[in-house]
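# Residue-level structure breakdown
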Amino acid sequence: MHTEEQYKWLQEIHDLLADSRKTYNAISHRVDDAHVKELLLRISSKRANMESEVAQDLVQHDPTEKLGNGTVAGTVQRVLLTFRDILNDTNEVNVLVECERQDSELLGRYTQVLNSMDLNEASRATLARQYAELEQDLHQVITTREAMEDVEH
């Protein structure tokens, strides 16, 4: 069982994971490079699994809770990315930079929750494992972006 504050933070993590899943999926449809597309779709799928794990934790706390499916800010961000693509013909490197920014913010939120919340052992273990997965995903995105930048120059 979680306190209301813990529950609120876990809901936010859930919604941020939903935003991340949706963003990676949406961006994957706007890139041409097959390797980048595969990476983005794989990360989107991983985020769906993470989102589901957090949802299970939240439902154990309150089985009647209707979980959100992202944030307003995430929706606005995806709309802005679409407009930017239309106006600027966004390339894969720029897309990956946006993914890095989003993942850095998500890791920051995980750090905040893990360092400031007295979570139960199961929730803490889940978030710590997910944090490590997010770090690996971010590393893959950075490595891919750097390789693409080397090709462009």
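See above for the structure.
The present account deals with the structure reproduced in this document. It should be emphasised that the depicted structure is a prediction, and the values quoted were computed from it without experimental measurement.

### Things to note about the nonpolar core
Ranked by size, the top nonpolar core spans 18 residues in total, and within it Ile-13, Leu-17, Val-54, Tyr-110, Val-113, Leu-127 and Leu-134 carry the most contacts. Counting only elements with at least two residues in this core, the list comes to α1 (4-28), α2 (34-61), α4 (92-116) and α5 (121-152). Among residues more than four places away in sequence, those in contact with Ile-13 are Val-54, Arg-109, Tyr-110, Val-113 and Leu-127. Ile-27, Ile-43, Val-93 and Cys-99 belong to the second largest nonpolar core, which has 13 residues in total.

### Some remarks on the side chain of Glu-51
Note on placement: Glu-51 falls in helix α2. For Glu-51, a relative accessible area of 9% translates into the label buried. Here the side chain of Glu-51 touches Arg-21 through a polar contact of 2.6 Å, side chain to side chain.

### Observations concerning the environment of Asp-33
For Asp-33, the location among the structural elements is in the loop between α1 and α2. By relative accessible area, which is 30% here, Asp-33 ends up partly exposed. Taking the C-alpha atoms as reference points, Asp-33 and Asn-91, separated by 58 residues in sequence, lie 9.7 Å from one another. Not counting chain neighbours up to four residues away, the residues in contact with Asp-33 comprise Glu-92 and Met-148. A polar contact is formed between the side chain of Asp-33 and the backbone nitrogen of Val-36, at a distance of 2.9 Å.

### So, the pattern of salt bridges
Per the stated rule, a full pass over the model turns up 12 salt bridges. Of the charged contacts in the structure, one is a salt bridge between Arg-109 and Glu-12, with a shortest N-O distance of 2.7 Å. Within this pair, whereas Arg-109 is found in helix α4, its partner Glu-12 is found in helix α1, the two being separated by 97 residues in sequence. In this structure, Glu-38 and Arg-42 form a salt bridge, with 3.1 Å as the shortest nitrogen-oxygen distance. Of this pair, Glu-38 and Arg-42 are both found in helix α2, 4 residues apart, which corresponds to roughly one turn of the helix.

### Describing α4
Since the α-helix packs 3.6 residues into each turn, any two residues three or four apart lie on the same face. When the terminal C-alpha atoms of α4 are compared, their 36 Å separation across 25 residues agrees well with the 36 Å that a helix rising 1.5 Å per residue should span. A distance of 3.1 Å separates the backbone nitrogen of Val-93 from a side-chain oxygen at the start of α4, and that oxygen is part of Asn-91.

### A look at the side chain of Ser-20
Assignment of secondary structure puts Ser-20 in helix α1. Residue classification places Ser-20 among the buried residues on the basis of a relative accessible area of 1%. With residues near it in sequence (within four places) discarded, Ser-20 still touches Arg-47, Gln-102, Asp-103 and Leu-106.

What counts and how
Residues numbered from 1 in each chain as written. Predicted model: local features only at pLDDT ≥ 70, side-chain atom pairs only at ≥ 80, totals over all residues. Heavy atoms only, no water. Core = buried A, V, L, I, M, F, W, Y, C linked by side-chain atoms within 4.5 Å. Buried < 20%, exposed > 50% of the residue type's maximum accessible area, 1.4 Å probe, protein only. Helix = DSSP H or I, 4+ residues; strand = E, 2+ residues; numbered from the N terminus. Contact = heavy atoms within 4.5 Å. Polar contact = N/O pair within 3.5 Å; in protein donor to acceptor, adjacent residues only side chain to side chain. Salt bridge = Lys/Arg side-chain N within 4 Å of Asp/Glu carboxyl O. Expected span 1.5 Å × (residues − 1).

Note that all results are geometric; they support no functional claim without further evidence.
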